[in-house]
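Each chain is listed here by its residues.
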Amino acid sequence: MEALPLRPELRGRSPYGAPQPPAEHRLNTNENPHPLPPALLADLQVALAEAATGLNRYPDRDATALRADLAAYLTGTSGEQVDPAQVWAANGSNEVLQQVLQTFGGAGRTALGFTPSYSMHPILSAGTGTAWVDGHRRADFTIDPAAAAAQVREVRPDVVFVTSPNNPTGTAVELDTIAALYEVTDGVLVVDEAYTEFARTGTVSALSRLPGRPRLIVSRTMSKAFGMAGLRLGYLAADPTVVDALQLVRLPYHLSSLTQAAARAALAHTEQLLATVDLVKAERDRIVAALPGMGLTSVPSDANFVLFGHFTDSAAAWQALLDRGVLVRDVGLPGWLRVTAGTTEETDAFLTALGEVAPAHRSSLGGSTA
Ligand SMILES: *Cc1c(COP(=O)(O)O)cnc(C)c1O
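Residues numbered from 1 in each chain as written. Predicted model: local features only at pLDDT ≥ 70, side-chain atom pairs only at ≥ 80, totals over all residues. Heavy atoms only, no water.

**Examining the domain arrangement of the protein chain**
And step 1. Segmentation of the protein chain into domains returns domain 1 (20-36 + 272-361) and domain 2 (51-268).
And step 2. For domain 1 and domain 2, the distance between their C-alpha centres works out to 26 Å.
And step 3. With 24 residues of domain 1 at the interface, the matching set in domain 2 holds 24 residues.
And step 4. Approximately 2,000 Å² of surface area, both sides summed, lies buried where domain 1 meets domain 2, with 62% of it carried by carbon and sulfur atoms.
And step 5. Sorting the residues of domain 1 by area buried against domain 2 places Leu-273, Leu-274 and Asp-302 first, and these three jointly supply 30% of that buried surface.
And step 6. In this structure, Asp-302 and Arg-200 form a salt bridge, with 2.8 Å as the shortest nitrogen-oxygen distance.
And step 7. Joining domain 1 to domain 2, the criterion identifies 10 residue pairs in polar contact (both at pLDDT 80 or more).
And step 8. Every element with two or more residues in the side of domain 1 that touches domain 2 is listed here: α9 (270-290), β10 (305-309) and β12 (336-340).
And step 9. Among the residues forming the side of domain 1 that touches domain 2, the class breakdown is 13 nonpolar, 6 polar and 5 charged. (Domains from an automatic or database assignment. Contact = heavy atoms within 4.5 Å. Buried area = accessible area lost by both parts, 1.4 Å probe. Salt bridge = Lys/Arg side-chain N within 4 Å of Asp/Glu carboxyl O. Polar contact = N/O pair within 3.5 Å; in protein donor to acceptor, adjacent residues only side chain to side chain. Helix = DSSP H or I, 4+ residues; strand = E, 2+ residues; numbered from the N terminus. Nonpolar A, V, L, I, M, F, W, Y, C, P; charged D, E, K, R; others polar.)

Following this line, the structure appears as structure tokens:
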């Protein structure tokens, strides 16, 4: 059959997406399994009904009220003053990151991220015609600041991605590493903080490094800790000049009135929504604590998931867990699998299944640290 005249950089690529076989316990996409608070559901009905009366009109193109609410949330939780002019929102942080690449990447330009990390960063780069370079990590998945700085100096990327806490490994990145990378790049430095609300006590957001760094961008999402993955609402904080620049590429009226109204209703319930964060962190820590007893280990996690191993064959271990009704993620790292921390019942089911699977599938490296 005749081949389509596909862009060269898209030829031979696979779309984003892990297998979604039916399973009783779905612990593969890092969602928050706790149901939304009834008071929020009631408010959503009112807010959406009200927004529906104005659906004959285009939405607020600048999402002014929503950005003010997001700025208030960031200021309140980080203790850093974040102004609405520093905030930009879109349909998931994926769209935010795509707009960043459309603005600062593109044809003839390069993005660099430290792999293994969020697989959408290279996919969004390819979609915007931005060349991609894999940054290096140590064997324990941490970033060596000196080596990373040297690589950035050599590659001279236009966009640098740091995911903190990192997905799929779970560990937050030292702020000094982020500051060091900023010093050595002329490009924009994007810190993807999708999981930051789950970070261990004492972890400080890169928001604290925004003052005086106009090329630093911190991206966030309501998909994870807020438990609103279906809403599709992501946002960033940066210098107001970055937000101005993004206006050159954003589609007019990209964020629907319904999305803006629903996000504002959700933000009015921030405290209740984030009440589940401590529960999820406790389940995460329970998973981490149970692994050594099974001859397994994990990478230190500041997220709502755990990268665990070692297995002789992660694909076989993945299948053995699925055979017991537990779906986890094979992220393509030999010896490792990733599990989402959710409810107590989910953790119980996961640990029971893993206890059955571990003896046949763990490698002799299993008890050693990552
Ligand atoms: C899940 C995730 C996101 C969230 O993307 P949304 O488009 O906001 O749902 C962003 N970054 C990372 C690293 C993630 O794992």
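**As for the site of the ligand**
And step 1. Taken together, 13 residues lie near the ligand, and Ser-93, Tyr-195, Thr-221, Ser-223 and Lys-224 sit nearest.
And step 2. Separating an oxygen atom of the ligand from a side-chain N or O atom of Asn-94 is a distance of 2.7 Å.
And step 3. Here Arg-232 contributes a side-chain N or O atom positioned 2.8 Å from an oxygen atom of the ligand.
And step 4. Protein chains bury 94% of the 390 Å² of accessible surface belonging to the ligand in isolation.
And step 5. In this structure the site holding the ligand corresponds to the largest pocket.
And step 6. Per-class residue counts for the shell around the ligand are 3 nonpolar, 7 polar and 3 charged. (Near = heavy atom within 4 Å. Areas by Shrake-Rupley, 256 points an atom, 1.4 Å probe, with all protein chains shown as cover. 1 Å grid on protein atoms, 1.4 Å probe; cavity = no way out; pocket = protein on both sides within 12 Å on 5 of 7 lines; lining within 4 Å. Sits in = over half its atoms within 2 Å of the grid points.)

**Some thoughts on empty space enclosed by the protein**
And step 1. If you walk through the whole model with that rule in mind, you get 2 cavities of 30 Å³ or more.
And step 2. Of the volumes computed, that of the largest cavity is approximately 50 Å³.
And step 3. Contributing to the lining of the largest cavity are Ser-164, Pro-165, Ala-172, Val-173, Leu-175, Ile-178, Glu-193, Thr-196, Thr-203, Val-204, Ser-205 and Ala-206.
And step 4. What lines the second largest cavity is Gly-113, Phe-114, Thr-115, Ser-117, Tyr-118, His-121, Pro-122, Trp-132 and Phe-161.
And step 5. Among the secondary structure elements, those contributing two or more residues to the lining of the second largest cavity are β3 (110-114) and α4 (120-127).
And step 6. When the residues that make up the lining of the second largest cavity are grouped by side-chain class, the tally is 5 nonpolar, 4 polar and no charged. (Points joined across faces, edges and corners; volume = space filled by probe spheres on them.)

**Examining the pairing of strand β4 (residues 131-135)**
And step 1. In the sheet, β3 pairs with β4 via 5 bridges, with the strands oriented parallel. When the sheet's bridge partners are listed, Thr-110 is paired in β4 with Ala-131.
And step 2. Handedness of the crossover joining β3 and β4 through α4: right-handed. (Pairing = 2+ DSSP bridges. Right-handed = clockwise from strand over helix to strand, strands pointing away.)

**A look at helix α1 (residues 38-52)**
Given 3.6 residues to a turn, an α-helix orients residues that are three or four positions apart in the same direction.
And step 1. Taking 1.5 Å of rise per residue, the 15 residues of α1 would be expected to cover 21 Å, and the 21 Å separating its terminal C-alpha atoms lies within 8% of that figure.
And step 2. For α1, the complete set of buried residues consists of Leu-40, Leu-44 and Ala-51. An end-on view of α1 places all buried positions within 45° of arc, on one side of the element. Residues of α1 that are exposed and angled more than 90 degrees away from the buried face: Pro-38, Gln-45, Val-46 and Glu-50.
And step 3. Contacts from the buried residues of α1 go to α8 (257-267) and α9. (Expected span 1.5 Å × (residues − 1). Buried < 20%, exposed > 50% of the residue type's maximum accessible area, 1.4 Å probe, protein only. Arc of directions from axis to C-beta.)

**Points about the pattern of salt bridges**
And step 1. Enumeration according to the criterion identifies 13 salt bridges in this entry.
And step 2. Between Arg-109 and Asp-158 there is a salt bridge; the shortest N-O distance is 3.9 Å. Of the two residues, Arg-109 is situated in the loop between α3 (92-104) and β3 and Asp-158 in the loop between α5 (145-155) and β5 (159-163); the sequence distance between them amounts to 49 residues.
And step 3. Under the relative-accessibility criterion, Arg-109 is labelled partly exposed at 36%.

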